[in-house]
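Working through the structure, step by step
Spelled out from the first residue to the last, the chains are:
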Amino acid sequence: MAKVLVSDSIDPVGVEILSQVAQVDVKTGLSAEEIIQIIPEYDALMLRSSTRVTKEIVEAGSKLQIIGRAGVGVDNIDVPAATRQGIIVVNSPEGNTIAAAEHALAMMLSLSRHIPDANQSVKANKWERNRFIGTEVYKKNLGVVGLGKIGSHVAKVARSLGMKILAYDPFISKERADQLGCTLVDLELLFAESDFITLHVPKTSETQHLIGRETLAKMKPTVRIINCSRGGIIDELALIEALESGRIAGAALDVFEQEPLGESRLRELSNVILTPHLGASTTEAQVGVAVDVAEQIRDVLLGLPARSAVNIPGLTPDVMEKLRPYLQLAETMGNLVSQLAGGRCDSLNVRLQGELATKDSQPLVVAAIKGLLSQALRERVNYVNAAIEAKERGIRVIETRDASTRDYSGSIHLEANGSMGTHSVTGALLSTGEIRITDLDEFPINVPPSNHMLFTLHQDMPGIIGKIGALLGSFNVNIASMQVGRKIIRGDAVMALSLDDPLPEGLLSEITKVPGIRDAYTVKL
Ligand SMILES: NC(=O)C1=CN([C@@H]2O[C@H](COP(=O)(O)OP(=O)(O)OC[C@H]3O[C@@H](n4cnc5c(N)ncnc54)[C@H](O)[C@@H]3O)[C@@H](O)[C@H]2O)C=CC1
Ligand SMILES: O=C(O)CCC(=O)C(=O)O
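Computed from a predicted model, the values in this text were never measured in an experiment.

1. Side note on the sheet that holds strand E13 (residues 347–354)
Taken together, 6 strands build an open sheet; the order of strands is E14-E13-E15-E16-E17-E18 and the sheet is mixed. The two strands at the open ends of the sheet, each matched to only one other strand, are strand E14 (396–402) and strand E18 (443–447). Pairs of neighbouring strands in the sheet enclose a mean axial angle of 20 degrees, with direction left out of account. Judged from the 8 bridges that link them, strand E15 (residues 410–418) and strand E16 (residues 421–429) form a sheet pairing that is antiparallel. Looking across to E16, one finds that Ser411 is bridged to Ala428. Strand contacts of helix H14 (residues 362–377): E13, E14 and E15, with the helix running at about 140 degrees to E13, the strand carrying the most contacts.

Right, dumping it as structure tokens:
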């Protein structure tokens, strides 16, 4: 019989479901070393946010088929390590949405009316009515950073409280924001104009310290900040300083850079409310996430696909086998075109060409959408939810198939319309299986994708390539390869450069100032 280790406390209904197919051991509070000792016996691991699934744990789990996170964020699991080991990682993308949104709203109202302090005062036999003068949220600006599932629900409820919602989410269309009654603004404006700011973004390298000393300095002195997303999105030390100096009015935190919260000056501040990562802690959410994840673990142990795998597509093995090399191609092209078009795309045209123009190549469309959304949703987007996510974000996906062949037996052409205009790319595979970008904005090129890329649209004229090379050199950026594509001599052309180093800040705008350069884009693949 299969064995499942449940390493954090989950609702008993989850254990019941798992017990249908496996022996279930609930062992909470184990250290990493203790988990490493016992994990080789287990086929599945189920956890919440307390267990940190490190690379060492993953590598010790020689029998592990699946790791289930009873919640949304998988930042406590080394997903790349699990993927390398062929372990499916699943989560519950929606099970605790309402709970987390309601916690953020409760934190906002508690802050504005001093509920925790007033409660303590009455319990200490005091009656301090003048000490707890609050502030109304009605007609105030609420800045919502991250307008995904939780952020959207917060926005909806806050609107009914009479608040004006300013939202920042580079991956959400204006139409979707309009539907929610939110005004999409840039982060600068959101920070400057908000009376309350609530964070609902995943923890990524982009969101790490999204709020820090510099950004806090731009906020109103009356602003109150709520963080029910992840610790580390706010620079805790900078926040403490801003609260201590009265630079901002208050903060309510459910999540921390270190959990459980250790020694911290936060505990001494009267303008701060702290909760111990309770966002998902409602009876309903705990049942929801436990059922959602336990069912997926049960299914995978029975050899069935998982519905919310964050790292492995839930495709049937035979389709997967046939399309595998092209899935990566479609995903890379989706990622590339999303970065060229700007995050907020409202349409994606997918043209499957040559031998890919068949009915069962549908997963390639999904893979292209997954790539398109990967900048916004990271590991949260998968082959199962990509199409729904695109629909919810107001992205129109148009598929066409063209069986005629050109230089390659099969190729994928994508065109996306986003905040930086309409851009297109085509990609194909060499006989070795390597990916080539064969067309950019209808200009023929032939370059492999690489980690750091620079694309320019320019006028084909003598000296321009040298100028770009010299400019990059003066910033110590090494060029790995370079290609130019043009249709007519001295007409419009594109340049595609693979770089060994990321482009330093400010260099892109210098490039666009070079005479003859019309546009320049950096891309990370
Ligand atoms: N405190 C708690 O107990 C809980 C915390 N969470 C946290 O809340 C986060 C959000 O959850 P959901 O709304 O379900 O996720 P979601 O994926 O539906 O929404 C996240 C949104 O953030 C946006 N985003 C990504 N990068 C961004 C950036 N750099 N700037 C602005 N927006 C960006 C995405 O476009 C997306 O719309 C989760 O990642 C998790 O870390 C979730 C549940 C419970
Ligand atoms: O398991 C929990 O209570 C935390 C939930 C959470 O942070 C998440 O779902 O991302």
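2. Focus: the sheet that holds strand E2 (residues 22–26)
With parallel pairing, the 5 strands of this open sheet are ordered in space as E2-E1-E3-E4-E5. A single partner strand is all that each edge strand has here, and the edge strands are E2 and strand E5 (88–90). Averaged over all adjacent pairs, the angle separating strand axes in this sheet is 15 degrees, with direction ignored. Packed on one face of the sheet, helix H1 (residues 12–19) meets strand E1 (2–6), E2 and strand E3 (44–47) and runs near 150 degrees to E2. On the sheet, helix H12 (residues 283–301) packs against E1, E2, E3, strand E4 (66–69) and E5 and is oriented at approximately 175 degrees with respect to E3.

3. Things to note about the UniProt feature "domain: ACT" (unreviewed entry) in the protein chain
UniProt marks residues 453–525 with the feature "domain: ACT" (unreviewed entry), using the numbering shown here. Here residues 453–525 is 23% helix and 42% strand, with 8 Å between the C-alpha atoms at its ends.

4. Let's talk about the side chain of His413
On the secondary structure map, His413 appears in strand E15. Side chain to side chain, His413 and Thr426 meet in a polar contact 2.7 Å long. Aside from chain neighbours lying at most four places away, what touches His413 is Asn349, Val350, Arg351, Gln353, Ser424, Val425, Thr426 and Glu442.

5. What to know about the pattern of salt bridges
Under the counting rule described, the total for this entry stands at 21 salt bridges. Glu206 is paired through a salt bridge with Arg378; the nearest N and O atoms lie 2.7 Å apart. One end of the pair, Glu206, is in the loop between strand E9 (196–199) and helix H10 (213–217); the other, Arg378, is in the loop between H14 and helix H15 (386–392), and 172 residues separate them in sequence. What makes Glu206 partly exposed here is its relative accessible area of 46%. For Arg378, a relative accessible area of 27% puts it in the partly exposed group. Each of the salt bridges in this network shares a partner with another, and the network as a whole consists of Lys149, Glu389 and Arg393.

Conventions and cut-offs
- Residues numbered from 1 in each chain as written.
- Chains lettered and ligands numbered in written order.
- Predicted model: local features only at pLDDT ≥ 70, side-chain atom pairs only at ≥ 80, totals over all residues.
- Heavy atoms only, no water.
- Pairing = 2+ DSSP bridges.
- Helix = DSSP H or I, 4+ residues; strand = E, 2+ residues; numbered from the N terminus.
- Axes fitted to C-alpha atoms, helices over the stretch in contact; angles between N-to-C directions.
- Contact = heavy atoms within 4.5 Å.
- UniProt positions renumbered as here; feature names shortened; annotations may be inferred.
- Polar contact = N/O pair within 3.5 Å; in protein donor to acceptor, adjacent residues only side chain to side chain.
- Salt bridge = Lys/Arg side-chain N within 4 Å of Asp/Glu carboxyl O.
- Buried < 20%, exposed > 50% of the residue type's maximum accessible area, 1.4 Å probe, protein only.

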